[in-house]
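Architecture at a glance
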Amino acid sequence: MELFAPIDPRQIGLLPVGDGHQIYWEVSGNPSGPAVLFVHGGPGAGTQPAYRRFFDPSFWKIVLVDQRGCGHSQPEASIVANTTAHLVADLDALRVHLGIERWLLFGGSWGSTLALAYGQAFPERCLGFVLRGVFLCSAAEIDWFMTGMGHFFPEAGRRFETYLPPTERANPLAAWQARLNDPDPLVHLSAARAWCAYEEACARLVPRPDDGVPVGPGVLSMARLEAHYMAHAGFLAPNQLLNGMGTIRHLPAIIVQGRYDVICPPVTAYELARAWPGAVLRIIPDAGHAAMEPPLRAALVEAVEQMKAVAIV
């Protein structure tokens, strides 16, 4: 299945959520339809207009939101009062602000982490889940991101490793975090570009010619917030999300996972599906991590189409 045609939002706004933060939100599609919430990744990646296109606008009330510190939310790249608990509370504050009783959660990568955390905090507000590239913020997953992806993308891994001088390589995550939080733009922007270049180079089954050369204003938000959350284990207790499955295991879920996802390897999606008997796990044989890879995006559109049956019950 292909993406739906481009659409513009009907409503946009900035919602004050405390601690000096305002989060950007937008609504498009059917104003009277069941609601679906796009939970973006990163953390810090923000939303894009193309993300509206996963959803049938004649059916769904489509909600996009930029999490604290990224996208159109303000202030940019701020890690102050920026934790998983804050982001979960923000999503529910937005739900109340928009007058939505329940919604379908659609999240990939870090978006799957946050969607699960929200669902476990507010199970009564969830219709179900469509998740991609599952990431649970375990120590093993974080270590894999920092050092393991280079087994498959050694050129990118080597550039990432050697960006840091030898004296900083014993604890690379702490070193990256220090550089990304340095007040000097020459320091933090250079580090942000290098961090995002590493991730982009590993994101697809078939890399694009420009992979590894990120551009645009969002690199600082993404790199700084990713390092911030990884350094704090996602602000989650060990195995918190798997241990909390009892609160949402009755809800429907479709998990779409690229077989060759190097950023979020399939073993995590497999373990989540084992803990969620009602979930459907679909391994896409010719895809990596990026949601816009054609096989993944087709599977995601199909999954949301199947969730229409849940939304109208």
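Residues numbered from 1 in each chain as written. Predicted model: local features only at pLDDT ≥ 70, side-chain atom pairs only at ≥ 80, totals over all residues. Heavy atoms only, no water.

Here the focus is the pairing of strand β4 (residues 61-65). β4 sits mainly inside the fold: 5 of its 5 residues count as buried. Neither face of β4 is open: one carries K61, V63 and V65, the other I62 and L64, and all of them are buried. With 5 bridges joining them, strand β2 (residues 21-29) and β4 adopt antiparallel strand pairing. Residue G29 lies in a different strand from β4, and its bridge partner there is K61. Bridge count for strand β3 (residues 35-39) against β4 is 4 bridges, and the pairing is parallel. Along β4, the bridge assignment pairs L37 with V63. (Buried < 20%, exposed > 50% of the residue type's maximum accessible area, 1.4 Å probe, protein only. Helix = DSSP H or I, 4+ residues; strand = E, 2+ residues; numbered from the N terminus. Pairing = 2+ DSSP bridges.)

Under the UniProt annotation, the feature "active site" (unreviewed entry) is placed at S109, D261 and H289. The greatest C-alpha distance among the annotated residues, which extend across 181 residues, is 10.3 Å, indicating that they converge on a single site. Set against the largest cavity, the annotated residues named above that line it are S109. Of note, S109 is situated in the loop between β5 (103-108) and α2 (110-121). Sequence-distant contacts of S109, defined by excluding residues within four places in its chain, comprise R132, G133, F135, C264 and H289. Inspection of the secondary structure puts H289 in the loop between β8 (279-284) and α10 (294-306). For H289, a relative accessible area of 7% corresponds to the buried category. (UniProt positions renumbered as here; feature names shortened; annotations may be inferred. 1 Å grid on protein atoms, 1.4 Å probe; cavity = no way out; pocket = protein on both sides within 12 Å on 5 of 7 lines; lining within 4 Å. Contact = heavy atoms within 4.5 Å.)

We now examine the layout of surface pockets. Here the second largest pocket defines a volume of roughly 290 Å³. Along the walls of the second largest pocket sit 17 residues, with L136, C137, S138, E141 and N239 positioned nearest its centre. Elements represented by at least two residues in the lining of the second largest pocket include exactly α3 (139-148), α8 (240-243) and α9 (266-274). (Points joined across faces, edges and corners; volume = space filled by probe spheres on them.)

Glancing now at the pattern of salt bridges. On inspection of all chains with the given rule, the structure shows 11 salt bridges. Between R95 and D92 there is a salt bridge; the shortest N-O distance is 2.7 Å. Within this pair, R95 and its partner D92 are both found in helix α1 (residues 84-98), separated by 3 residues, close to a single helical turn. D92 carries the same exposure label as R95, and that label is buried. A salt bridge links R204 to E200; its shortest N-O distance comes to 3.3 Å. You can call E200 partly exposed: its relative accessible area is 26%. Several salt bridges converge on common partners, so that one network encompasses D19, R68 and D90. (Salt bridge = Lys/Arg side-chain N within 4 Å of Asp/Glu carboxyl O.)

The next point concerns α2. Between its terminal C-alpha atoms α2 stretches 17 Å, which fits the 16 Å expected from 12 residues at 1.5 Å a residue. Judged by how many residues are buried, α2 sits mostly within the fold: 11 of 12 residues are covered. (Expected span 1.5 Å × (residues − 1).)

As a packed pair, α1 and α2 sit with axes 10 Å apart at the nearest point and diverge in direction by 70°. Between α1 and α2, the interaxial angle falls into the category roughly perpendicular. With respect to the hand of their crossing, α1 and α2 are arranged in right-handed fashion. Packed against α1, whose contacting residues are T84, L87, V88, L91, D92 and R95, the element α2 presents W110, L114, A117, Y118 and A121 at the interface. Among the residues making up the contact of α1 with α2, the classes are represented as 8 nonpolar, 1 polar and 2 charged. (Axes fitted to C-alpha atoms, helices over the stretch in contact; angles between N-to-C directions. Parallel < 35°, antiparallel > 145°, perpendicular 65-115°, else oblique. Left-handed = near helix turned anticlockwise from the far one by under 90°. Nonpolar A, V, L, I, M, F, W, Y, C, P; charged D, E, K, R; others polar.)

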